[in-house]
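The primary structure of each chain is shown beneath.
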Amino acid sequence: MERAFQTAMWLLRPEMVFILGDIFDEGKWSSQKHWEDDVRRFHRMFRHSTDTELVVLVGNHDIGFHYEMDWFKLQRFEKVFNASSTRIVTKKGVNFLLVNSVALHGDGCPICQSVEKELIKISRELNCSLQVRRRKKRPMLTVMFSLCILQHYPLYRVSDAGCTGQDAAPPEERNLLFRERYDVLSKEASQRLLQWFRPRLILSGHTHSGCEVLHDNKYPEVSVPSFSWRNRNNPSLILVRETTDTTSQIHGGEVTDAAVALQMKYQQNLASAVC
Ligand SMILES: [Zn+2]
């Protein structure tokens, strides 16, 4: 995995790398010593030049599924990556909304409340910017219309049956039904995200296979296949290229906006993985 990552960095020279969660395998139960060992190993394997910005999202293997998540594990993760797990990252006018999707369970748990509160605040700020620009008749290309949501869990879909793309699940797995709040977000949480942010693109991980799907006939989502040999025999990443045409849209699975997105699964203990 280290060689694959370093080769990708050398060949593609991305400005940004997004790792869409499940950085570690045992983050949900590792002792402090094992956690620190894994963090050191991660930084060594995923070293990169200062020209590349590495942004990491949280997944269920980092802090546990919702029922296993607690403040200690979440803050331990956020401290390592020096940032809140729900926030906006802006690059060249594109807003990347990073979401702690493990906390979108909708049961009112303290962490869920905190994440929802932050999302509502961001949504209000973005809508406010949009209205101000409308009033002042300023270009709005860099506000809502270029928002991209990045999160570990995919938005709700029944199964992978409707997925397209060369890395989609094999035929024998495509009709397996997904469980809400485990394989994918709940219907309610998915609709809330779409209504609040009307994203131009959603990038997600977790399911190991790739999927290109269109929600409500207008919101494209790409589930990025796993980067780990443990999860598939053709570990994958996706490359997203910047275009000077800021009005461009996504057609037929071709993504045309800023930065590079990679999903990687850094999992040492093969026997203990759940998802
Ligand atoms: Zn996962």
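Since this is a predicted model, take the numbers as computed values, not measurements.

When helices and strands are tallied, the chain shows six helices and nine strands. Per-residue burial for the chain yields a buried fraction of 39% across its 275 residues. Here the contacts in the chain between residues at least 6 apart in sequence split such that 69% fall between residues at least 24 apart.

This paragraph deals with the nonpolar core. Core analysis: the biggest nonpolar cluster contains 44 residues, and Leu57, Leu97, Cys148, Ile149, Leu150 and Leu203 have the highest contact counts within it. Contributions of two or more residues to this core are made by strand S1 (16-19), helix H4 (71-80), strand S4 (94-99), helix H5 (110-136), strand S5 (147-151), helix H6 (187-197) and strand S6 (201-204). In contact with isoleucine 149, other than residues within four places in its own chain, are Leu97, Val99, Leu193, Phe197, Pro199 and Ile202.

Before going further, it helps to spend a moment on the pairing of strand S7 (residues 211-215). The pairing of S7 with strand S8 (residues 219-223) spans five bridges and is classified as antiparallel. Counted as the bridge partner of cysteine 211 is serine 223 from S8. Joining the antiparallel neighbours S7 and S8 is a turn of three residues, in which aspartate 216 adopts a positive phi near 50 degrees.

Along the polypeptide, valine 184 turns up in the loop between S5 and H6. Separated by 30 residues in the primary sequence, valine 184 and proline 154 have C-alpha atoms spaced 5.1 Å apart.

Right, let's talk about unusual backbone geometry for a bit. For histidine 208, which is not glycine, the phi dihedral falls at a positive 75 degrees. Inspection of the secondary structure puts histidine 208 in the loop between S6 and S7. In this model, aspartate 216 sits at a positive phi of 50 degrees, which is unusual for a non-glycine residue. As for its position among the elements, aspartate 216 is in the loop between S7 and S8. Looking at aspartate 216, the number of C-beta atoms within 10 Å reads 10, which means it is exposed.

Taken together, six strands build an open sheet; the order of strands is S3-S4-S5-S6-S8-S7 and the sheet is mixed. The sheet is open, and its two borders are formed by strand S3 (87-91) and S7, each paired with just one other strand. The sheet shows a mean angle of 20 degrees between the axes of neighbouring strands, direction not considered. Sheet strands touched by H6: S4, S5, S7 and S8. Its angle to S5, the strand with the most contacts, is close to 155 degrees.

Of the two faces of S6, the one holding Leu201 and Leu203 and the one holding Ile202 and Ser204 are both buried throughout. Of the pairings in the sheet, the one linking S5 to S6 comprises three bridges and is parallel in character. Looking across to S6, one finds that cysteine 148 is bridged to leucine 201. Taking the sense of rotation as the criterion, the β-α-β connection linking S5, H6 and S6 turns out right-handed. In this structure, S6 lies alongside S8, joined through three bridges in parallel fashion. Bridge pairing in S8 places leucine 203 opposite valine 222.

On average, residues of the chain score 85 in pLDDT, and 84% of them reach the 70 mark or higher. In the model, residues 246-275 has pLDDT below 50 throughout and makes 84 contacts with residues more than four positions away in sequence or in other chains.

A few words now on the environment of isoleucine 122. Looking at the secondary structure, you find isoleucine 122 in helix H5. Since 19 C-beta atoms lie within 10 Å of it, isoleucine 122 is described here as partly exposed. Separated by 25 residues in the primary sequence, isoleucine 122 and leucine 97 have C-alpha atoms spaced 9.0 Å apart. Every residue in contact with isoleucine 122, bar those within four places of it in the chain, is listed here: Ile88 and Leu97.

Definitions and cut-offs
Residues numbered from 1 in each chain as written. Predicted model: local features only at pLDDT ≥ 70, side-chain atom pairs only at ≥ 80, totals over all residues. Helix = DSSP H or I, 4+ residues; strand = E, 2+ residues; numbered from the N terminus. Buried ≥ 20, exposed ≤ 12 C-beta atoms within 10 Å, placed from the backbone. Contact = placed C-beta atoms within 7 Å. Core = buried A, V, L, I, M, F, W, Y, C linked by C-beta atoms within 7 Å. Pairing = 2+ DSSP bridges. Axes fitted to C-alpha atoms, helices over the stretch in contact; angles between N-to-C directions. Right-handed = clockwise from strand over helix to strand, strands pointing away. pLDDT = per-residue confidence, 0-100.

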